[in-house]
Amino acid sequence: MKFFKPMSPKEKTNWNKSAVLGFYTYMGLLFVNYMSSLILGRDLFSSAFTFFTGLVITFGYEAYLNVKKG
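Reading the values: the criteria
- Residues numbered from 1 in each chain as written.
- Predicted model: local features only at pLDDT ≥ 70, side-chain atom pairs only at ≥ 80, totals over all residues.
- Heavy atoms only, no water.
- Helix = DSSP H or I, 4+ residues; strand = E, 2+ residues; numbered from the N terminus.
- Rg over C-alpha atoms; globule rule 2.2 N^0.38 Å.
- Buried < 20%, exposed > 50% of the residue type's maximum accessible area, 1.4 Å probe, protein only.
- Contact = heavy atoms within 4.5 Å.
- Areas by Shrake-Rupley, 256 points an atom, 1.4 Å probe, with all protein chains shown as cover.
- Expected span 1.5 Å × (residues − 1).
- Arc of directions from axis to C-beta.
- Salt bridge = Lys/Arg side-chain N within 4 Å of Asp/Glu carboxyl O.

J.: What exactly am I supposed to notice about the overall build of the protein here?
T.: Scanning the protein from terminus to terminus reveals 2 helices and 0 strands. Computed over its C-alpha atoms, the radius of gyration of the protein comes to 16 Å, more than 25% above the 11 Å expected for a compact globule of 70 residues. Viewed in the frame of its principal axes, the protein has a C-alpha envelope of about 50 × 25 × 15 Å. Evaluated residue by residue, the protein yields a buried proportion of 19% over its 70 residues. When contacts within the protein are restricted to residue pairs at least 6 apart in sequence, long-range pairs at least 24 apart make up 65% of them. For the protein, the exposed area adds up to about 5,500 Å²; of that, 72% sits on carbon and sulfur atoms.

Right under this line is the structure:
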């Protein structure tokens with residue numbers, strides 16, 4: 001019994017592209033947050049904001065690429 005359909009090669013490629021973008025989004029937000037912590041003495045972004053922004057960017061970009069292919 002399968003819960004999900006198998007991903008096509010194009011969908012796998014789109015997922016890889018969006019995962020890389022999501023990773024760089026996390027790294028960028030963490031860098032800005034760390035610099036803010038050093039310079040201003042307080043965090044600019046909350047942990048929840050950083051987490052959900054990365055997820056939204058990753059899944060949103062994947063959905064965009066999957067819709068764009070059609």
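J.: Would you explain the environment of Trp15 in this entry?
T.: Looking at the secondary structure, you find Trp15 in helix 1 (residues 9–40). In this structure Trp15 comes out as partly exposed when scored by relative accessible area, which is 31%. With 46 residues separating them in the primary sequence, Trp15 and Tyr61 have C-alpha atoms 8.6 Å apart.

J.: Is there a simple way to explain helix 2 (residues 47–68) in this structure?
T.: Side chains three or four residues apart in an α-helix point the same way, a direct result of the helix having 3.6 residues per turn. Relative to the 32 Å expected for 22 residues at 1.5 Å per residue, helix 2 spans 31 Å between its end C-alpha atoms, a close match to the ideal helical length. Of the residues making up helix 2, those classed as buried are Thr50, Gly54, Thr58, Glu62 and Leu65. On an axial view of helix 2, the arc spanned by its buried residues comes to 85°, and they lie on one face. Opposite its buried face, helix 2 presents the exposed residues Val56, Val67 and Lys68, each directed more than 90 degrees away. Elements that come into contact with the buried residues of helix 2 comprise helix 1.

J.: What exactly am I supposed to notice about the pattern of salt bridges here?
T.: Using the criterion set out here, one finds 1 salt bridge in the structure. The partner of Lys5 in a salt bridge is Glu11, and the shortest N-O contact between them spans 3.3 Å.

J.: Quick question: what am I supposed to make of the side chain of Glu62 here?
T.: Within the fold, Glu62 resides in helix 2. Discounting chain neighbours no more than four positions away, the residues touching Glu62 are Met7, Trp15 and Ser18.

Read these as geometric descriptors, not functional statements.
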